[in-house]
Amino acid sequence: MQLTGQNFVVLGAGQGIGENTVHALAQGGARVLCVDLDEGRASAVAKAARGIACVADISTRAGVEKIFATAKREFDGRLDGIVDVVGIGVGKTLNTLDDQSWQHQFDMVVGHAFLALQLGTPLLARGGSVVLVGSMAGEWPRGGTLLAYASAKAALHHLARSAAQELAPQGIRVNVVAPGLTRTPRLLDANDEAFWQAQAAEIPLSRAGTPADIANAILFLSSPMAAHITGVVLAVDGGANIGMLRPIAKSARAS
Ligand SMILES: NC(=O)c1ccc[n+]([C@@H]2O[C@H](COP(=O)([O-])OP(=O)(O)OC[C@H]3O[C@@H](n4cnc5c(N)ncnc54)[C@H](O)[C@@H]3O)[C@@H](O)[C@H]2O)c1
């Protein structure tokens, strides 16, 4: 996990998975540009991890241009990794989604990842890594209020695989970390303990993930330990994708 002398940009660094990722990279020895829309959060995490704060809106081209212009200046043009954490659901159903909220959903999940790949990877001149935070909702069909979010995450996963193919000749790896249910600040605010216990009962490893669980996987994929891994979607979901062991019929057990 030795990242001494390496420079990273983390988009959505202010709290939860992004904040834990900044600390994981910094503990590995990397210098991190901590990007967030919220000035207080960007400054706090940058101060704690001895990184550099950058306030920008990743949902606009101008915002992402500002981020990589800052990275180029601060790191003397030498960038080694990009981590894009931002992804927020609009929470509308098939019946209530309008054109604007559908577009907004894709802007908040896929649009900034596209911009980061287009504007950020030219700075990875000595090869490097891009890790996008997806979701297991991008692997499984999800209706109801997750319909647009799941569709956008599926597009994000495919963008990562396609970009991995295109950028491999330049030594640039592109991977996705796909969390299952995770105890991030936003979800902790919105749900009581009964919710977390009920969900844990459906997860083979008996608990939801923590932001640190997700950050550890991001650190691995960003590091030289993953030097031969590109184009993967790594599930970090306590085994939810394999499902629970269920009792089976006696006749089947005997065979
Ligand atoms: N919590 C879960 O159960 C779960 C499950 C699957 C996937 N995920 C994914 O994890 C990621 C979210 O992690 P989190 O809950 O720790 O993050 P979060 O939603 O708290 O956001 C992280 C940071 O991004 C910043 N941000 C929001 N909009 C921004 C913008 N336009 N420009 C710049 N910064 C902006 C916020 O201020 C915040 O500090 C998302 O991609 C989400 O889809 C979470």
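Our structure's up above, just so we're on the same page.
Residues numbered from 1 in each chain as written. Predicted model: local features only at pLDDT ≥ 70, side-chain atom pairs only at ≥ 80, totals over all residues. Heavy atoms only, no water.

Asker: For this particular structure, what's the right way to read the environment of alanine 226?
Answerer: Position of alanine 226 among the secondary structure elements: in the loop between helix 8 (211-222) and strand 7 (233-236). Its relative accessible area of 0% is what places alanine 226 among the buried residues. Sequence separation between alanine 226 and arginine 173 is 53 residues; the distance between their C-alpha atoms is 9.1 Å. If sequence neighbours within four positions are ignored, alanine 226 has contacts with Arg173, Phe220 and Leu221. (Helix = DSSP H or I, 4+ residues; strand = E, 2+ residues; numbered from the N terminus. Buried < 20%, exposed > 50% of the residue type's maximum accessible area, 1.4 Å probe, protein only. Contact = heavy atoms within 4.5 Å.)

Asker: Help me understand the packing of helix 1 (residues 16-27) against helix 8, please; the structure alone is not making it clear to me.
Answerer: Each pair of packed helices can be described by the angle between their axes along with the distance between the axes. Packing of helix 1 against helix 8 leaves a shortest axis separation of 8 Å and a crossing angle of 50 degrees. Between helix 1 and helix 8, the interaxial angle falls into the category oblique. With respect to the hand of their crossing, helix 1 and helix 8 are arranged in right-handed fashion. Packed against helix 1, whose contacting residues are Gly16, Ile17, Asn20, Thr21, Ala24 and Leu25, the element helix 8 presents Pro211, Ala212, Ile214, Ala215, Ile218, Leu219 and Ser222 at the interface. Partitioning the contact of helix 1 with helix 8 into residue classes produces nine nonpolar, four polar and no charged. (Axes fitted to C-alpha atoms, helices over the stretch in contact; angles between N-to-C directions. Parallel < 35°, antiparallel > 145°, perpendicular 65-115°, else oblique. Left-handed = near helix turned anticlockwise from the far one by under 90°. Nonpolar A, V, L, I, M, F, W, Y, C, P; charged D, E, K, R; others polar.)

Asker: What am I meant to see in the site of the ligand here?
Answerer: What surrounds the ligand is a group of 28 residues, the closest being Gln15, Asp36, Val85, Tyr149 and Arg186. A distance of 2.9 Å separates an oxygen atom of the ligand from a polar atom in the side chain of arginine 41. One of the backbone N or O atoms of threonine 182 is found 2.8 Å from an oxygen atom in the ligand. Protein chains bury 93% of the 850 Å² of accessible surface belonging to the ligand in isolation. When contributions to the shell around the ligand are tallied by element, the ones reaching two or more residues are helix 1, helix 5 (147-167) and helix 6 (185-190). (Near = heavy atom within 4 Å. Polar contact = N/O pair within 3.5 Å; in protein donor to acceptor, adjacent residues only side chain to side chain. Areas by Shrake-Rupley, 256 points an atom, 1.4 Å probe, with all protein chains shown as cover.)

Asker: Explain the sheet that holds strand 7 to me, please; I cannot follow it from the model alone.
Answerer: Paired through their backbone hydrogen bonds, the strands of a sheet run either parallel or antiparallel. Pairing is parallel across the open sheet formed by seven strands, whose spatial order is 3-2-1-4-5-6-7. If you trace the sheet from one side to the other, it starts and ends with strand 3 (52-55) and strand 7, each paired once. For this sheet the average axis-to-axis angle between neighbouring strands, irrespective of direction, equals 20 degrees. As judged from the four bridges shared by strand 2 (residues 31-36) and strand 3, these two strands associate in the parallel manner. Across the sheet, residue aspartate 36 finds its bridge partner in strand 3, namely valine 55. The strands that helix 2 (residues 39-48) touches are strand 2 and strand 3; relative to strand 3, the one it contacts most, it runs at about 165 degrees. Across the sheet, helix 3 (residues 61-74) touches strand 1 (7-11), strand 2, strand 3 and strand 4 (81-84), and the angle it forms with strand 2 is around 160 degrees. (Pairing = 2+ DSSP bridges.)

Asker: Mind showing me how you'd approach the side chain of lysine 153 here?
Answerer: Within the element layout of this structure, lysine 153 appears in helix 5. The side chain of lysine 153 is buried and forms no salt bridge, while aspartate 84, the nearest opposite charge, is found at 8.0 Å. Beyond its immediate sequence surroundings of up to four residues, lysine 153 is in contact with Gly87, Val109, Val133, Gly134, Ser135 and Gly138. (Lys, Arg positive; Asp, Glu negative; His and termini not counted. Salt bridge = Lys/Arg side-chain N within 4 Å of Asp/Glu carboxyl O.)

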